[in-house]
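Per-entry structural report
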Amino acid sequence: MTIKRQSVMNRFVCIMLFSLLQLCADAQGWREHDRHKAEYYKTSFEVFYGGKPLKDANASTFKVLENGYAKDAFRVYYRGRLLKDANASAFKAIKQGYAKDAFRVYYHGKHIKDANASTFKLLKEGYSKDSFRVFYRGELVKGANASTFKVDGHGYAKDNFRAFYKGKCISK
């Protein structure tokens, strides 16, 4: 085999291995990301979560969203549990467990008190903010200035006055 042919063959093998690794990684991410989608099931007339019927769910308008959220024309659900005050027509699953409607923001199905839905923004690494407050995984980050707040990575964030790690102030 010539050197040129061997080089082409090595390149081909590397590309195939990389593609295979990427497919495996994507498949794992799909399973993690959509595992709650699989818990929902609907027939023409009924909707189920985890094998149990969702009382009063409208099968004809039922949609499975992301991160365990689902809705029909009138109701919103998180992992099969009704979110009583959620507005179904305006409800959107965002990412990282966050969701919102026209008036409320949710983190893993729990209403985030004092979060302003109209100005709410998802940042990264579990951080989010609205015009006035910063949140980490659905909990208020005490002392954080929303207008200057930036996420630096690996759990670290800062505003113009303080540094934070996983939602806790670490500055003196």
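Analysis parameters
- Residues numbered from 1 in each chain as written.
- Predicted model: local features only at pLDDT ≥ 70, side-chain atom pairs only at ≥ 80, totals over all residues.
- Heavy atoms only, no water.
- Pairing = 2+ DSSP bridges.
- Helix = DSSP H or I, 4+ residues; strand = E, 2+ residues; numbered from the N terminus.
- Buried < 20%, exposed > 50% of the residue type's maximum accessible area, 1.4 Å probe, protein only.
- Contact = heavy atoms within 4.5 Å.
- pLDDT = per-residue confidence, 0-100.
- Lys, Arg positive; Asp, Glu negative; His and termini not counted.
- Salt bridge = Lys/Arg side-chain N within 4 Å of Asp/Glu carboxyl O.
- Polar contact = N/O pair within 3.5 Å; in protein donor to acceptor, adjacent residues only side chain to side chain.

**Remarks on the sheet that holds strand β1 (residues 40–42)**
Reading across from one edge, β1-β2-β3 is the order of the three strands in this open sheet, with antiparallel pairing throughout. Looking at the sheet topology across the chains shown, the edges are occupied by β1 and β3 (52–53). The pairing of β1 with strand β2 (residues 47–49) spans three bridges and is classified as antiparallel. Looking at the pairing, Tyr40 lines up with Tyr49 of β2.

**A word on the sheet that holds strand β8 (residues 92–93)**
With respect to topology, four strands assemble into an open sheet ordered β8-β9-β10-β11, the strand pairing being antiparallel. In the strand order of this sheet, the two ends are held by β8 and β11 (110–111), each with one partner. Judged from the three bridges that link them, strand β9 (residues 98–100) and strand β10 (residues 105–107) form a sheet pairing that is antiparallel. The partner of Ala99 across the bridge, within β10, is Tyr106.

**Quick look at the environment of Leu123**
As for its placement among the helices and strands, Leu123 is situated in the loop between β12 (121–122) and β13 (127–129). You can call Leu123 partly exposed: its relative accessible area is 26%. Taking the C-alpha atoms as reference points, Leu123 and Val151, 28 residues apart in sequence, are found 7.4 Å from one another. If we ignore the near neighbours within four places in the chain, the residues touching Leu123 are Gln96, Ser128, Lys129, Phe149 and Val151.

**Observations concerning the confidence of the model for the protein**
Close reading of the predicted structure is inappropriate where its pLDDT is low. The share of residues in the protein with pLDDT of 70 or more is 78%, and the mean pLDDT across the chain is 86. Ignoring residues within four places in sequence, the model shows residues 17–33, a span with pLDDT below 50, making three contacts including any to other chains.

**Here's the deal with the side chain of Asp101**
With respect to the helices and strands, the residue Asp101 is situated in the loop between β9 and β10. Although Asp101 is buried, it makes no salt bridge; Arg104 carries the closest opposite charge, 4.9 Å away. Among the polar contacts made by the side chain of Asp101, one reaches the main-chain amide nitrogen of Asn87 at a distance of 2.7 Å. A polar side-chain atom of Asp101 sits 2.8 Å from the main-chain amide nitrogen of Phe103.

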